[in-house]
Amino acid sequence: MSIDSPVLRTDHDRVCTLTLNRPKALNALSTALRNALIQTFDSLRSDPAVDVVILTGAGRAFTVGLDLKELAGEREATESADTRDLAQLMMAIPQPIIAAVNGFAITGGFELALLCDFIIASPSAQFADTHARVGVVPGWGLSQRLPRLIGINRAKELSLTGNYLDAATAERWGLVNRVVPEDELLPTCERLARDMLSADPTTRQAIRRIMDEGWMTTLDSGLALERAANADHDQTRKPSEDLAGRRGAIFERGRTQSS
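Keep in mind it's a predicted model, so treat the numbers as computed, not measured.

(A) Region of the structure containing the overall build of the protein. Assigned secondary structure in the protein consists of 12 helices and 10 strands. In the protein, once contacts between residues fewer than 6 apart in sequence are set aside, the share between residues at least 24 apart is 70%. Approximately 14,100 Å² of the protein is accessible, and the part contributed by carbon and sulfur atoms is 53%.

Quick look at the structure:
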């Protein structure tokens, strides 16, 4: 992949890091960049060599959302738009996605971060939903995901004002899991990815699936999903699996992390 590509991809030990690569434009989502993301996530859906994805941005932004200059005709698109739904493709891949938010995550960029399984942020991260200011209704799920994460009143405050949310407040509100120093952002995400890799992949995928599906329904329906997944997993698990060995490794890992 060329260093001039709108999305840079680096694969290492089953972890794929995707970097939005238009730093001079604050990684604004041009047609070319959206197309590259669509094609990349479509390929990840069936990539057996990747178990975890990290999504970040080059320079001082995660992404500021759609390229408004391109939309206004001030800058001509360099290629025709791929009409597939990026949000649906991101939700369809079997790998968990960690958002490493390194700066501005604005409007469509905010939505992109919310499509990831969780967010780790640097102190310079700033979130804003300016859909109401630019006259666009969200289309990648922000209006539904954000209230579920931080509460509807806080979500309304952000979306109806277009005001910015700093990293520390985002952490306090539960939008991001943690805020880490700038130079620790990617290393922290990589460590979390390796922690995921240490889990049983089939079980990890099943838990992620029922958490996602349960989040979109009632508690009663979610519990039914869990019971069904539990029964199915018990039937398909191989009797030879060394569960005692796994428990021992988990215990030893806990001792190491706490020391």
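On we go.
(B) The pattern of salt bridges, seen in detail. Under the defined criterion, the tally for this structure stands at 11 salt bridges. Between D51 and R204 there is a salt bridge, with the nearest N and O atoms lying 4.0 Å from each other. Taken together, the positions of D51 in the loop between α1 (31–44) and β3 (52–57) and R204 in helix α10 (residues 201–215) put the pair 153 residues apart, joining distant regions of the chain. R204 carries the same exposure label as D51, and that label is buried. A salt bridge links R208 to D117; its shortest N-O distance comes to 2.9 Å. Residue R208 is found in helix α10, and its partner D117 is found in the loop between α4 (108–114) and β7 (118–121); the two are separated by 91 residues along the sequence. Residue classification places R208 among the buried positions, given a relative accessible area of 16%. Judged by relative accessible area, which is 30%, D117 ranks as partly exposed. One connected set of salt bridges, linked through shared partners, spans D42, R45, D82 and R84.

(C) Region of interest: the sheet that holds strand β8 (residues 126–128). Strand order in the open sheet formed by four strands is β4-β6-β8-β9, with mixed pairing between adjacent strands. On the outer flanks of this sheet lie β4 (61–63) and β9 (164–166), each paired with one strand and no other. Ignoring strand direction, the axes of neighbouring strands in this sheet form an average angle of 20 degrees.

(D) Looking closely at the side chain of N102. Relative to the elements of secondary structure, N102 occurs in the loop between β5 (97–101) and β6 (104–106). Separated by 2.9 Å, the side chain of N102 and the backbone oxygen of G57 make a polar contact.

(E) Here's a closer look at the layout of surface pockets. Considering only enclosed or pocket space, the largest pocket measures out at about 870 Å³ in volume. If you go around the largest pocket, you meet 29 residues; those closest to its centre are C116, D117, R208, M211 and D212. Elements represented by at least two residues in the lining of the largest pocket include exactly α3 (86–92), α4, β7, α6 (142–150) and α10. Examining the composition of the lining of the largest pocket, we find that eight residues originate from one element, α10, more than from any other.

(F) Local environment of the nonpolar core. Counting residues in each nonpolar core, the largest one holds 46 residues, and the members touching the most others are L37, F41, L55, L112, F127 and L175. Counting residues per element, this core draws most heavily on α1, which supplies six residues. Leave out the neighbours within four places in its chain, and L112 touches L20, L37, L55, F62, T63, L86, M90 and W140. If you look at the next biggest cluster of nonpolar residues, it comprises 13 residues, including V15, I54, L192 and A193.

(G) Examining the side chain of D200 more closely. You can see D200 is positioned in the loop between α9 (185–197) and α10. Among the polar contacts listed, one links the side chain of D200 to the side chain of T203, at a separation of 2.5 Å.

(H) Just the packing of aromatic side chains, in detail. The tally for this structure, following the rule as stated, stands at two aromatic pairs. With 6.4 Å between their ring centres and 85 degrees between their planes, F104 and Y164 make a pair best called edge-to-face. One end of the pair, F104, is in strand β6; the other, Y164, is in strand β9, with 60 residues separating them in the sequence. Ring geometry for F110 and F127: centres 5.4 Å apart, planes at 45 degrees, overall tilted. Here F127 lies in strand β8 and F110 lies in helix α4, a separation of 17 residues in the sequence. Classification of F127 by relative accessible area gives buried; the value is 0%.

(I) Expanded view of the packing of α10 against helix α11 (residues 219–236). Their axes nearest at 9 Å, the elements α10 and α11 cross at an angle of 165 degrees. The angle between the axes of α10 and α11 places the two elements in the roughly antiparallel class. α10 and α11 meet at a crossing whose hand is right-handed. The residues of α11 that touch α10, namely those facing T202, T203, R209, I210, E213 and G214, are G222, L225, E226, A229 and H233. For the contact of α10 with α11, the per-class residue count stands at three nonpolar, five polar and three charged.

Procedures and definitions
Residues numbered from 1 in each chain as written. Predicted model: local features only at pLDDT ≥ 70, side-chain atom pairs only at ≥ 80, totals over all residues. Heavy atoms only, no water. Helix = DSSP H or I, 4+ residues; strand = E, 2+ residues; numbered from the N terminus. Contact = heavy atoms within 4.5 Å. Areas by Shrake-Rupley, 256 points an atom, 1.4 Å probe, with all protein chains shown as cover. Salt bridge = Lys/Arg side-chain N within 4 Å of Asp/Glu carboxyl O. Buried < 20%, exposed > 50% of the residue type's maximum accessible area, 1.4 Å probe, protein only. Pairing = 2+ DSSP bridges. Axes fitted to C-alpha atoms, helices over the stretch in contact; angles between N-to-C directions. Polar contact = N/O pair within 3.5 Å; in protein donor to acceptor, adjacent residues only side chain to side chain. 1 Å grid on protein atoms, 1.4 Å probe; cavity = no way out; pocket = protein on both sides within 12 Å on 5 of 7 lines; lining within 4 Å. Points joined across faces, edges and corners; volume = space filled by probe spheres on them. Core = buried A, V, L, I, M, F, W, Y, C linked by side-chain atoms within 4.5 Å. Phe/Tyr/Trp six-rings, centres within 6.5 Å; stacked < 30°, edge-to-face > 60°. Parallel < 35°, antiparallel > 145°, perpendicular 65-115°, else oblique. Left-handed = near helix turned anticlockwise from the far one by under 90°. Nonpolar A, V, L, I, M, F, W, Y, C, P; charged D, E, K, R; others polar.

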